[in-house]
Amino acid sequence: MNIIFFDGVREIGGNKIIIEKDGTAILFDFGKRFSINSTYFNDSFIGRNRKEVHDRVATKELPPLRNFYKEWPGTQKSSIDIDIKAAFFSHAHLDHIGLIDLIDDAVEKYMSDYSKEVLSFFEKKGIIKNNISNIKIADKPVKVGPFTVHPIPIDHDIPGALAFQIETPKGNIFYTGDFYFHGRTNEKSCNFVKYAKNNNPYILITEGTRFGWGFVTSLTEEQLKQQTISVLEQCNGILFANPYEPHISRIQTFFEIANEKNKKFVITPPYAFILNRYSDIGDKFAKDILSSPNTLIYRSEEMPDTWESKPDGTFVDAAYVYKNQKNIVMLLDFMSIPELIDIKPEKGALYIHSGGEPLPSIDAENAKILQNWLKMFNIPYFNIHSPGHAAQPDLLRMAKEINPEILLPIHTQIPERFEIASDNVKILEKGVIYNF
Ligand SMILES: [Zn+2]
Ligand SMILES: [Zn+2]
């Protein structure tokens, strides 16, 4: 059995894992690398329009797989003589799913129902193109040639995250995807660890994002809520916040803050869109938020007409928010920040940056623009956030407990750090074919 890792090796994000036996291969994640890791192309320099895949294969930014890309460069020979039969996506963060629309329609794609909804959110935003097809919901084991892939729910800062157990003729491979132990459904992560430990783990492919990050603190949503309330109580004006739109647990936290402080919960259309999508697949939090009489959807004629507006929400405009601002918690996505001109925030307004766009470490230019807007309106900025990845001690404890025959760290800048917890660590190199 062969395993190949493209990207996500000694870097955070961009995961592309291929597992192959006798010519049949399956793929786990097909993510976009973070822009700080860009080498030959980036979001604004996409190169030659009609040769995107060709050029990215030529520069080794994409793996040279035949019968896999929508537009396989005919002149180029595949150096890897395998056919990918199916692609499995652990969750809908772009560093795991971001290149999905390069994949040919003939390749079956599996993901959770939540991930599929997030994908439609990215389509609306124009981040993912709109011709994604052949997506199946991964809610039961899938057999592909010699492999059986079992989806296992795991907790991460986006709903619907999956780990995978891959039954192979050589034994069980477990792939964690991204995960943490301090989220609202952390029992999923604990159950995964127990399950992997008890099911003969031959190989564990695990993330190690926070190795090297220095701090080990991980706020729970409850702690984050209390910190936010303590700031809000001192300011007493409108509270703006920008959680990442698909992160329902964080949206729930701000909804709870609004309820506890007897304030209205106002959301911009991108939040309403994703909540509607989650609600349609039975998410209880999303349903509760949308059906609450306290929840209001912000509508402005200046906003782009990207988001469907469902008739069943209560809509308010800038004049309403202006008039009632002392009694409002508002989720304001970055693209909607110019609405501040019409909302006219008064003294006491505050802005809680909580994991949404722009992230200063990734998008410095927009982070500066955000600061300028807040400065113009004299709104204090507070960063109250908690990462969606397990802290370093948790990662080590997990590795020790599962104790696989082989541990393969990815999605980390310091894979060697797992050697503290295990003698079975193998340090990987990008694009190398490993035989296990
Ligand atoms: Zn990731
Ligand atoms: Zn992630």
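## Some thoughts on the coordination of the zinc ion (ligand 1)
Working step 1: Coordination sphere of the zinc ion (ligand 1), protein contribution only: D95 (OD), H96 (NE2), D178 (OD) and H411 (NE2), at 2.1 to 2.2 Å.
Working step 2: Sequence spacing of the donor residues for the zinc ion (ligand 1), all on one chain, is D-H-x81-D-x232-H.
Working step 3: A distance of 3.4 Å spans the gap from the zinc ion (ligand 1) to the zinc ion (ligand 2), which D178 bridges by coordinating each metal. With H96 in helix α2 (residues 94–97) and H411 in the loop between β19 (406–410) and β20 (433–435), this pair connects stretches of sequence that are 315 residues apart.
Working step 4: The buried category is assigned to H96, whose relative accessible area is 0%.

## Regarding empty space enclosed by the protein
Working step 1: Under the counting rule described, the total for this entry stands at one cavity of 30 Å³ or more.
Working step 2: Counted by class, the lining of the largest cavity contains three nonpolar, two polar and three charged residues.

## Some thoughts on the coordination of the zinc ion (ligand 2)
Working step 1: Those protein atoms acting as donors to the zinc ion (ligand 2) are H91 (NE2), H93 (ND1), H156 (NE2) and D178 (OD), and they sit at 2.2 to 2.4 Å.
Working step 2: Here the zinc ion (ligand 2) is ringed by four donor atoms whose angles at the metal span 90 to 167°, and the overall shape comes out irregular.
Working step 3: Going along the chain, you hit the donors of the zinc ion (ligand 2) in the pattern H-x1-H-x62-H-x21-D.
Working step 4: Residue H156 is classed as buried on the basis of its relative accessible area of 3%.

## A word on the sheet that holds β19
What links the strands of a sheet is backbone hydrogen bonding, and the strands pair in either a parallel or an antiparallel sense.
Working step 1: If you trace the six strands from one edge of the open sheet to the other, you get β7-β8-β9-β10-β11-β19, paired in mixed fashion. Edge positions in the open sheet fall to β7 (142–144) and β19, since each of these has one partner strand only. Sheet twist, expressed as the average angle between the axes of neighbouring strands with direction ignored, equals 20°.
Working step 2: Bridge analysis of strand β9 (residues 162–168) against strand β10 (residues 171–175) gives five bridges, and the strand direction is antiparallel. Across the sheet, residue T168 finds its bridge partner in β10, namely G171.
Working step 3: On top of the sheet, helix α12 (residues 392–402) reaches β11 (201–207) and β19; it is set at about 170° to β11, its chief contact.

## Overview of the pattern of salt bridges
Working step 1: Tallied over the full model, the rule gives 22 salt bridges.
Working step 2: The residue R66 makes a salt bridge to D83 at a minimum N-O spacing of 3.1 Å. Of this pair, R66 sits in the loop between α1 (52–58) and β4 (83–88) while D83 sits in strand β4, placing them 17 residues apart in sequence.
Working step 3: Judged by relative accessible area, which is 19%, D83 ranks as buried.
Working step 4: Among the charged side chains, a salt-bridge network with shared partners connects D7, E11, K16, R33 and K430.

## A few points about unusual backbone geometry
Working step 1: The residue after E357, namely P358, is reached through a cis peptide bond having omega -5°.
Working step 2: Position of P358 relative to the elements: it lies in the loop between β17 (350–353) and α11 (364–376).
Working step 3: With a phi angle near 65°, N236 is a residue other than glycine that sits in the positive phi range.
Working step 4: Relative to the helices and strands, N236 resides in the loop between α5 (221–235) and β12 (239–241).
Working step 5: We note that N378 has phi near 55°; this positive angle belongs to a residue other than glycine.
Working step 6: The residue N378 is located in the loop between α11 and β18 (381–383) in this model.

Analysis parameters
Residues numbered from 1 in each chain as written. Chains lettered and ligands numbered in written order. Predicted model: local features only at pLDDT ≥ 70, side-chain atom pairs only at ≥ 80, totals over all residues. Heavy atoms only, no water. Donors = N, O, S within 2.8 Å, 3.2 Å for Na, K, Ca; no water. Helix = DSSP H or I, 4+ residues; strand = E, 2+ residues; numbered from the N terminus. Buried < 20%, exposed > 50% of the residue type's maximum accessible area, 1.4 Å probe, protein only. 1 Å grid on protein atoms, 1.4 Å probe; cavity = no way out; pocket = protein on both sides within 12 Å on 5 of 7 lines; lining within 4 Å. Points joined across faces, edges and corners; volume = space filled by probe spheres on them. Nonpolar A, V, L, I, M, F, W, Y, C, P; charged D, E, K, R; others polar. Tetrahedral: all angles 85-135°; square planar, octahedral: opposite > 155°, others 65-115°. Pairing = 2+ DSSP bridges. Axes fitted to C-alpha atoms, helices over the stretch in contact; angles between N-to-C directions. Contact = heavy atoms within 4.5 Å. Salt bridge = Lys/Arg side-chain N within 4 Å of Asp/Glu carboxyl O.

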